[in-house]
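Structure at a glance
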Amino acid sequence: MDIGCSYEAITYQARSYNEDDASQVHISEHVFEVFPNPFKDEIIIINQDKLPQVISIFNIIGELIEEINLHGQETKKIDLSEYEPGIYIFNNGITSKKKIKI
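Keep in mind that this is a model prediction, so the values were computed, not measured.

Let us now look at the overall build of the protein. In terms of regular secondary structure, the protein is built from zero helices and eight strands. Classification of the 102 residues of the protein by burial places 34% in the buried group. For the protein, long-range pairs separated by at least 24 residues make up 43% of all intrachain contacts whose partners lie at least 6 apart in sequence. In the form shown here, the protein has an accessible surface area of approximately 6,600 Å², with 49% of it arising from carbon and sulfur atoms.

Right, here's the structure in full:
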């Protein structure tokens, strides 16, 4: 049964350098998923990386409505039932994705 939902994985790479040895480079891929889309009251955010991330949620006019702190490999169900239907933007500091609340 198709219920018209989708999810999207967001990936970016972070590099950190050892100041004492420039040949030592740590590359971490930050991946998180946000689903379903569209959503009614709750949305699920999954951090698939071992490192923590902060996901900021903005309404369509750019107001920050919530920040979600995710530990490494953590899944959180977020209740957004108090917010009006519309488009919400999920941002990890690198990438923004739009989700629709119905």
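That shown, we press on.
Across soluble globular proteins, you tend to see nonpolar side chains buried next to one another. Counting 15 residues, the largest nonpolar core has I45, L80 and F90 as its most contacted members. Broken down by secondary-structure element, the contributors of at least two residues to this core are β2 (21-37), β3 (42-47), β4 (53-59), β5 (64-70) and β7 (86-91). The biggest single contributor to this core is β5, with three residues. Contacts of I45, omitting those with residues within four sequence positions, involve F32, E33, V34, I55, I68, L70, E74, T75, K76, I78 and F90.

Attention now moves to the pairing of β5. With six bridges connecting them, β4 and β5 associate as antiparallel partners. Its bridge partner lying in β5, I57 is registered against E66. In textbook terms, the turn of a hairpin is the stretch between consecutive antiparallel strands, and for β4 and β5 this stretch comprises four residues, one of which, G62, has a positive phi near 90°.

We now examine the confidence of the model for the protein. Of all residues in the protein, 71% attain a pLDDT of 70 or more, and the chain-wide mean is 81. The model gives residues 10-17 a pLDDT under 50, and that stretch makes 30 contacts with residues more than four places away or in other chains.

All right, on to the pattern of salt bridges then. Enumeration according to the criterion identifies one salt bridge in this entry. Where E42 meets K77, a salt bridge forms, and the shortest distance between an N and an O atom there is 3.8 Å. Taken together, the residues E42 in strand β3 and K77 in strand β6 (residues 75-79) connect sequence positions 35 residues apart.

With that settled, the discussion passes to the sheet that holds β4. The four strands lie next to each other as β5-β4-β7-β8, forming an open sheet whose pairing is antiparallel. Sheet topology places β5 and β8 (96-101) at the edges, where each strand pairs with a single neighbour. Averaged over all adjacent pairs, the angle separating strand axes in this sheet is 25°, with direction ignored. The pairing of β7 with β8 spans six bridges and is antiparallel. The residue bridging Y88 from the neighbouring strand is K99, located in β8.

Rules and cut-offs
Residues numbered from 1 in each chain as written. Predicted model: local features only at pLDDT ≥ 70, side-chain atom pairs only at ≥ 80, totals over all residues. Heavy atoms only, no water. Helix = DSSP H or I, 4+ residues; strand = E, 2+ residues; numbered from the N terminus. Buried < 20%, exposed > 50% of the residue type's maximum accessible area, 1.4 Å probe, protein only. Contact = heavy atoms within 4.5 Å. Areas by Shrake-Rupley, 256 points an atom, 1.4 Å probe, with all protein chains shown as cover. Core = buried A, V, L, I, M, F, W, Y, C linked by side-chain atoms within 4.5 Å. Pairing = 2+ DSSP bridges. pLDDT = per-residue confidence, 0-100. Salt bridge = Lys/Arg side-chain N within 4 Å of Asp/Glu carboxyl O. Axes fitted to C-alpha atoms, helices over the stretch in contact; angles between N-to-C directions.

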